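Understanding the architecture of this molecule
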Amino acid sequence: MAVRPLRPPRFDVAVALAGLAGGLLLWAFGLGVRPDSDPIVLFGGRWALLVPLGVTACCELLRRTAPRTALAVGTLALTADVMTQGSIATIVMYTDLMYAAVVYGSPATARRLPWITGVLTLAGALVPYAAWRVPEALLIGLVVGAVTFAPASTGLIVRNHRDAADAARLQAEQTALLAEMDRVQAVTAERSRMARELHDLVANHLSAIAIHSTAALSLDDPATSKDALAVIRENSVQGLSEMRRLIGILRDGADDREPAATPTLDGLGGLVDNARANGLDVALDAEPGAVPAPVELAAYRIVQESLTNALKHASPGRVGVSLRRSADALEIRVTSPHGHRDGPRAPGSGAGLVGMRERTALLDGSFEAGPEDGPEGKLWVVRATLPVTDIEQGEA
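What you see is a predicted model; the values in this text were computed from it and never measured.

Taken as a whole, this structure holds eleven salt bridges when the rule is applied. Between Asp96 and Arg63 there is a salt bridge whose closest N-O contact spans 2.8 Å. Within this pair, whereas Asp96 is found in helix α4 (residues 88-104), its partner Arg63 is found in the loop between α2 (50-60) and α3 (67-82), the two being separated by 33 residues in sequence. Taken individually, Asp96 and Arg63 each receive the classification buried, so the pair is uniform in this respect. Across the pair Arg383 and Glu372 runs a salt bridge whose closest N-O atoms are separated by 2.4 Å. Of this pair, Arg383 sits in strand β5 (residues 377-387) while Glu372 sits in strand β4 (residues 366-374), and the two are eleven residues apart along the sequence. Each of Asp12, Glu60, Arg63, Arg64 and Asp96 takes part in a single network of salt bridges with overlapping partners.

Our focus in this paragraph is the UniProt feature "transmembrane region" (unreviewed entry) in the protein. According to UniProt, the feature "transmembrane region" (unreviewed entry) maps to residues 40-62, 69-93, 113-131 and 138-158 in the numbering used here. For residues 69-93, the helix share is 80%, the strand share is 0%, and the end-to-end C-alpha distance is 15 Å. End-to-end, the C-alpha atoms of residues 138-158 are 29 Å apart, and along that stretch the chain is 100% helix and 0% strand.

So, on to the environment of Gly86. Within the secondary structure, Gly86 sits in the loop between α3 and α4. On the accessibility criterion, Gly86 (0% relative accessible area) is buried. Remark: the alpha-carbon pair of Gly86 and Trp27, spanning 59 residues in sequence, is separated by 9.7 Å. Excluding residues that lie within four positions of it along the chain, Gly86 makes contacts with Gly32, Val33, Arg34, Leu49 and Asp81.

In this structure, strand β3 (residues 329-337) lies alongside β5, joined through nine bridges in antiparallel fashion. Along β5, the bridge assignment pairs Ile332 with Ala384. The sheet contact formed by β4 and β5 spans nine bridges and is antiparallel. Bridging across to β5, Ser366 finds its partner in Thr385.

What follows covers helix α8 (residues 268-277). Listed in full, the buried residues belonging to α8 are Leu268, Leu271, Val272, Asn274 and Ala275. Buried residues of α8, viewed axially, fall in a sector of 160 degrees; they line one side. In the stretch just after α8, Gly279 is the one whose phi turns positive, near 110 degrees.

About the thresholds
- Residues numbered from 1 in each chain as written.
- Predicted model: local features only at pLDDT ≥ 70, side-chain atom pairs only at ≥ 80, totals over all residues.
- Heavy atoms only, no water.
- Salt bridge = Lys/Arg side-chain N within 4 Å of Asp/Glu carboxyl O.
- Helix = DSSP H or I, 4+ residues; strand = E, 2+ residues; numbered from the N terminus.
- Buried < 20%, exposed > 50% of the residue type's maximum accessible area, 1.4 Å probe, protein only.
- UniProt positions renumbered as here; feature names shortened; annotations may be inferred.
- Contact = heavy atoms within 4.5 Å.
- Pairing = 2+ DSSP bridges.
- Arc of directions from axis to C-beta.

Here you go:
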């Protein structure tokens, strides 16, 4: 329910003044509801009806700030008006008080008043008819219904429509908020995906460039420097090509750009050959079988990043890459010598491990990386298990 104003709104003041002015105008012309000789008139004289009129007009000032109090006092004023010659203005203002009590009152008041006034309407029709046994007695119930039940029912209808409109507006605001949250989450997820792809595309090439440029600067051997520069040039060209294709995908209207093909596990051989060209001793043992495309891309990127990390951080020695397909998962294991590296190192930020962990989590798999003791010394082991059963069912 809306917060009630502390002061009477201007509209309520205008209603009160209009009702009072109309009642005074009718009083000035001597227009009343009943003649002074009517038996029901207990307070005769033209001045008696001004008191209920003034009280009802004052109640109009409280129609929104205190609707139940206004209705209660207005009911007493209407009862007193019945005992005088009566004023049409007092009756009309009372119907507005009944309407306002339902519209602006508490939910309990809005539910009860139509029932109470309905019962009074029936009683006002049946009791006089049972007492007098004349059809005209039913008109009393009609008048009671017009003054009480009709405005209460109208107020209930208006209140229900307002509540429905408020609920619809609230639902629209919630829907817009949820849509905005979904948009923000989608943008964040897309930015994370782009960051992973960008890192995976260029990290390997930049790491090789950093290591070989350091070697070329530190060794005073023309042949070694020439070989290092050749590797630097090759990785620079490949890195720029990968970057150009990625930017072409992201740029709007880049129809002349060929999108980069999605890496597959069939390209592991080329990935290993490139790692060997950069100075790694890599042994590949891959039997992945047929796996879904998301798993295939994630496995390729995990192996690619593991080789990049080995190039940057591993000690001299053999790097092992193993892929095995079980009944419901693809298991990836990459090992590299762990310890102090004698040659030049490339700086690393740890983003590679974060990216591999995120890729595995997106497929509801498991990932772990850390040092372990092996038969040939301490190893750095990367393990990832990517489930394939749920993905295959989803693609089917």
